[in-house]
Amino acid sequence: MRVYLSVDMEGVTGLTDPEEMHAGGRGYERGCELMTEDANAVVAGAFEAGARAVLLNDAHGSTKNLRVDLLDPRATLIRGPGKPHRMAQGLTADFDAACFVGYHARAGVPHGVLNHTWMGKEIHNVYLNDEICGETRLVAGFAGALGVPVALVTGDDAVCEEAVELLGEVETVAVKKGVDRFSAELLPPSVAQERIREAAGRALNRLSDFSPYVVQPPYRLGVEWNSTAIAAGCALVPGTRLVGPRHTEFETGDYHEIMALFGLFAMIAGQVACGSGIYG
């Protein structure tokens, strides 16, 4: 059994502060340790359930957050920027299951801790085939296009609710209960990580209960930006069109292009926002 882990940071045990999400911020280094510990808990549960290989993909921000020196030695890690398939880099059809670790609710969910979709402030909403979409749905759709089911989602209670609504009786672990975007009721790391380990084992011992999440092609990606300038810049990408002053759409028959496109969008949006000061 081969198991794939996409590891984000906002849904990691104990973290609630934007400062903890980026290098140089207060608490970031400890946040990287907690991120690695949550991931290691899934790795431990996977091997207890009979996995023969576990691949981790650092899916947050710089993608240089997981501590390889603290990584369970039975696992391997994809790290660093420039990955064409971003949060799903390394996921192929020969994996038996995908797990999403440290995930968070989509933009606009009131009790979602650090809620956003792909970018922190530049994106108001994302739509996949006209249905509102968070990162859980985006990456699950990529996995489903390859025939790989999602077996486990860990993060705050809001993303766990989102995952069950989307994927059915997937295993989930809520490591924190959101109060507002930047506050939560937290589980101690030792408790949260034991629950994660146990849930990973349960999930992989009942893989036959899960089905891939399949989005029917063609895939239509809509993004509602916070800026007309970002939308206009992204509309320069071939195949992308403006459908409103702040709204772009892109359609393809290849889900790989959906994941890759977000990398281009993020570069354009980041440059426009950073260069625009208070108007970004």
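In what follows, the accompanying structure is described.

Conventions and cut-offs
- Just so you know, the residues in each chain are numbered from 1, in the order the chain's sequence is written.
- Owing to the predicted nature of the model, reporting of local features is limited to residues with pLDDT of at least 70; listing and counting of side-chain atom pairs is limited to 80 or more, with chain, interface and lining totals taken over all residues.
- The side-chain numbers reported here are obtained from all heavy atoms of the structure, hydrogens and water having been left aside.
- What is meant by a nonpolar core is a set of buried Ala, Val, Leu, Ile, Met, Phe, Trp, Tyr and Cys residues, joined one to another through side-chain atoms within 4.5 Å.
- The classification of residues rests on relative accessible area computed with a 1.4 Å probe and restricted to protein chains. Under 20% of the type maximum is buried, over 50% is exposed, and intermediate values are partly exposed.
- By definition, any uninterrupted DSSP run of H or I lasting at least four residues is a helix, any uninterrupted run of E lasting at least two residues is a strand, and each is numbered from the N terminus.
- Residues are treated as being in contact if the distance between any of their heavy atoms lies within 4.5 Å.
- The pairing criterion is simple: DSSP has to find at least two bridges between the two strands.
- Geometry is summarised by axes, namely lines fitted to C-alpha atoms with helices restricted to the contacting stretch, and by angles between N-to-C directions that run from 0 to 180 degrees.
- Between Lys or Arg on one side and Asp or Glu on the other, a salt bridge is scored when a side-chain nitrogen of the former is within 4 Å of a carboxyl oxygen of the latter.
- In this scheme, a crossing is called left-handed if the near helix is turned counterclockwise away from the far one by less than a right angle; it is called right-handed if the turn is clockwise.
- Charged residues are taken to be Asp, Glu, Lys and Arg, nonpolar residues to be Ala, Val, Leu, Ile, Met, Phe, Trp, Tyr, Cys and Pro, and polar residues to be all remaining types, Gly included.
- Oblique is the label for any angle not under 35 degrees, not over 145, and not in the 65 to 115 range, which are roughly parallel, roughly antiparallel and roughly perpendicular in turn.
- Here the expected length of a helix is defined as 1.5 Å per residue gap, with one fewer gap than residues.
- Charge assignment: positive for Lys and Arg, negative for Asp and Glu; neither His nor the chain ends contribute.
- Two N or O atoms form a polar contact when they lie within 3.5 Å of each other; inside protein one atom must be a possible hydrogen donor and the other a possible acceptor, and for residues adjacent in sequence the pair counts only when both atoms belong to side chains.

## Side note on the nonpolar core
Okay, step 1: In this structure, Leu 221 and Trp 225 are the most contacted members of the largest nonpolar core, which totals 46 residues.
Okay, step 2: Among the secondary structure elements, those contributing two or more residues to this core are β4 (97-103), β5 (123-128), α2 (135-145), β7 (150-156), α3 (157-167), β10 (219-225), α5 (228-234) and α6 (255-274).
Okay, step 3: Per-element tally for this core: the top contributor is α6, with seven residues.
Okay, step 4: Not counting chain neighbours up to four residues away, the residues in contact with Leu 221 comprise Val 126, Tyr 127, Leu 138, Thr 248, Glu 249, Phe 250, Ile 258, Leu 261, Phe 262 and Phe 265.
Okay, step 5: If you look at the next biggest cluster of nonpolar residues, it comprises 40 residues, including Val 7, Leu 34, Val 42 and Val 43.

## Looking at the sheet that holds β5
Okay, step 1: Taken in spatial order, the five strands line up as β6-β5-β10-β12-β11 in an open sheet, and their pairing is antiparallel. With partners counted over all chains shown, the strands left at the sheet margins are β6 (131-133) and β11 (240-244), one partner each. Along the sheet, successive strands turn relative to each other by an average axial angle of 30°, direction set aside.
Okay, step 2: The strands that α2 touches are β5, β6 and β10; relative to β6, the one it contacts most, it runs at about 105°.

## Section: the pattern of salt bridges
Any two side chains of opposite charge can pair, given that their charged atoms come close.
Okay, step 1: In this structure the tally under the stated criterion is 16 salt bridges.
Okay, step 2: A salt bridge links Asp 130 to Arg 220; the nearest nitrogen and oxygen atoms lie 2.5 Å apart. Residue Asp 130 is found in the loop between β5 and β6, and its partner Arg 220 is found in strand β10; the two are separated by 90 residues along the sequence.
Okay, step 3: On the accessibility criterion, Asp 130 (52% relative accessible area) is exposed.
Okay, step 4: Members of the salt-bridge network, linked through shared partners, are Arg 30, Glu 33, Glu 37, Arg 67 and Asp 69.

## Things to note about the pairing of strand β9 (residues 183-186)
Side chains on a regular strand alternate between the two faces of the sheet.
Okay, step 1: Inspection of the sheet shows strand β8 (residues 171-180) paired to β9 by four bridges, in the antiparallel sense. The residue bridging Gly 178 from the neighbouring strand is Ala 184, located in β9.
Okay, step 2: From the end of β8 to the start of β9, which pair antiparallel, there are two residues.

## Considerations on the side chain of Thr 63
Okay, step 1: Among the secondary structure elements, Thr 63 is positioned in the loop between β2 (53-58) and β3 (75-78).
Okay, step 2: Excluding its chain neighbours within four sequence positions, the residues that come into contact with Thr 63 are Asp 58, Arg 79, Gly 80, Pro 81 and Lys 83.

## Notes on the packing of helix α1 (residues 28-48) against helix α4 (residues 189-205)
Okay, step 1: Contact pair α1 / α4: the axes reach a minimum separation of 7 Å and the direction vectors enclose 35°. Of the two elements, α1 crosses α4, and the hand of that crossing is right-handed. Mapping the contact onto sequence places Leu 34, Glu 37, Asp 38, Ala 41, Val 42, Ala 44, Gly 45, Ala 46 and Glu 48 in α1 and Pro 189, Gln 193, Ile 196, Arg 197, Ala 200, Gly 201 and Leu 204 in α4.
Okay, step 2: Here the residues of the contact of α1 with α4 are counted per class, giving nine nonpolar, three polar and four charged.

## As for α3
Okay, step 1: Taken as a whole, α3 has its buried residues at Asp 157, Ala 158, Val 159, Cys 160, Glu 162 and Ala 163.
Okay, step 2: Residues of α3 that are buried in the fold lie against β4, α2, β7 and β8.
Okay, step 3: Looking at the residues trailing α3, positive phi occurs at Gly 168, about 85°.

## Quick word on the packing of α2 against α3
Okay, step 1: Relative orientation of the contacting elements α2 and α3 amounts to 40°, with a least axis distance of 10 Å. Taken together, α2 and α3 sit at an angle that is classed as oblique. In terms of crossing hand, the pair formed by α2 and α3 is right-handed. On α3, the residues touching Thr 136, Arg 137 and Ala 140 of α2 are Val 159, Glu 162, Ala 163, Leu 166 and Leu 167.
Okay, step 2: Among the residues making up the contact of α2 with α3, the classes are represented as five nonpolar, one polar and two charged.

## Concerning α4
Okay, step 1: Over its 17 residues, α4 runs 24 Å from end to end, which matches the ideal 24 Å to within 8%, given 1.5 Å per residue.
Okay, step 2: Among the residues of α4, Ala 192, Gln 193, Ile 196, Ala 199, Ala 200, Gly 201, Ala 203 and Leu 204 are the ones counted as buried.
Okay, step 3: Buried residues along α4 sit against β1 (2-7), α1, β4, β7 and β8.

## Considering the side chain of Asp 58
Okay, step 1: Structurally, Asp 58 is set in strand β2.
Okay, step 2: Buried charge without a salt bridge: Asp 58, with Arg 79 as the nearest opposite-charge side chain at an N-O distance of 5.3 Å.
Okay, step 3: A polar contact of 3.4 Å, which involves the side chain of Asp 58, links it to the backbone nitrogen of His 60.
Okay, step 4: At a separation of 2.7 Å, a polar atom in the side chain of Asp 58 contacts the main-chain amide nitrogen of Leu 66.
Okay, step 5: Discounting chain neighbours no more than four positions away, the residues touching Asp 58 are Val 7, Met 35, Thr 63, Lys 64, Asn 65, Leu 66, Leu 77, Ile 78 and Lys 83.

Honestly, that's just the spatial picture; any functional story needs more than this.
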